[in-house]
Amino acid sequence: MRLFVFWRRFKVGGITYFLITRKIFDSPIWRDDPHILKLFIYLIGEARHSKEPRKYSTCVVKRGELLTSLSQIRDANEFFKRGIITKWSRAKVSRMLNYLEKQGYIELLPDTFGTHISICNYDYYQTKENYKTDSSETVPDSSETVVRTNKNDKKGKNEKKYTTPPTPPKEGFVLPEWFPKDLWKMFLSHRKGLKAPIKKESYALILKKFQ
């Protein structure tokens, strides 16, 4: 499944930075209009990361949300084009926001004070326990059994052993527990929107790519 890019804001020694999943390279947004990718990354970076909501006179901004405006987004994302500083138009910002909402990346919240945006699945992707960590390049998923030993162990004992995830029953497709249901639904909806729906008999083959 093509996962979306999600970051986490950290602060160490006064320096703020983000984590990003390598799955971004397989995400549809990576092959889309680069301006849309830039906007999405900007929105995630500006979203409130604290679990404590921030209260305004007319609304409350929760974790994974931001309160901004079309003009503020435009001014914060200047870029050079043929040596000239260029800005998006307010209309272009609005179109890109609507596109991100239609594709399930964000949600535009009704508000009377500015442009209120919520990043979809922000909390899930900003919880470090949901990320897999490993010292090697290959990171096993939750369906794998990993055997690790010390470097001083006998030859052959320091190999990783993996168990094959169970295959779906013949009577129908069952989404594995380790795969987020909401992301699977968004993926199917995205493919349907591209007029390239996936046949049910191909579901299992697609999931194997992410094991």
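Residues numbered from 1 in each chain as written. Predicted model: local features only at pLDDT ≥ 70, side-chain atom pairs only at ≥ 80, totals over all residues. Heavy atoms only, no water.

Caption draft 1: Just unusual backbone geometry, in detail. Within the chain, Arg82 stands out as a residue other than glycine whose phi angle is a positive 55°. Of note, Arg82 is situated in the loop between strand 6 (79-81) and strand 7 (84-86). Classification of Arg82 as exposed rests on a relative accessible area of 82%. In this model, Asn121 sits at a positive phi of 60°, which is unusual for a non-glycine residue. (Helix = DSSP H or I, 4+ residues; strand = E, 2+ residues; numbered from the N terminus. Buried < 20%, exposed > 50% of the residue type's maximum accessible area, 1.4 Å probe, protein only.)

Caption draft 2: Layout of the pattern of salt bridges. Across all of its chains, the model carries four salt bridges by this definition. A salt bridge links Asp75 to Arg74, with the shortest nitrogen-to-oxygen separation between them at 3.2 Å. Classification of Asp75 by relative accessible area gives partly exposed; the value is 38%. For Lys87, the salt bridge is made with Glu78, and the minimal N-O distance between the two is 3.6 Å. Residue Lys87 is classed as partly exposed on the basis of its relative accessible area, which comes to 40%. Residue class for Glu78 comes out partly exposed when judged on its relative accessible area of 39%. One network of salt bridges, in which partners are shared, links Arg74, Asp75, Glu78 and Lys87. (Salt bridge = Lys/Arg side-chain N within 4 Å of Asp/Glu carboxyl O.)

None of this, on its own, says anything about what the molecule does.
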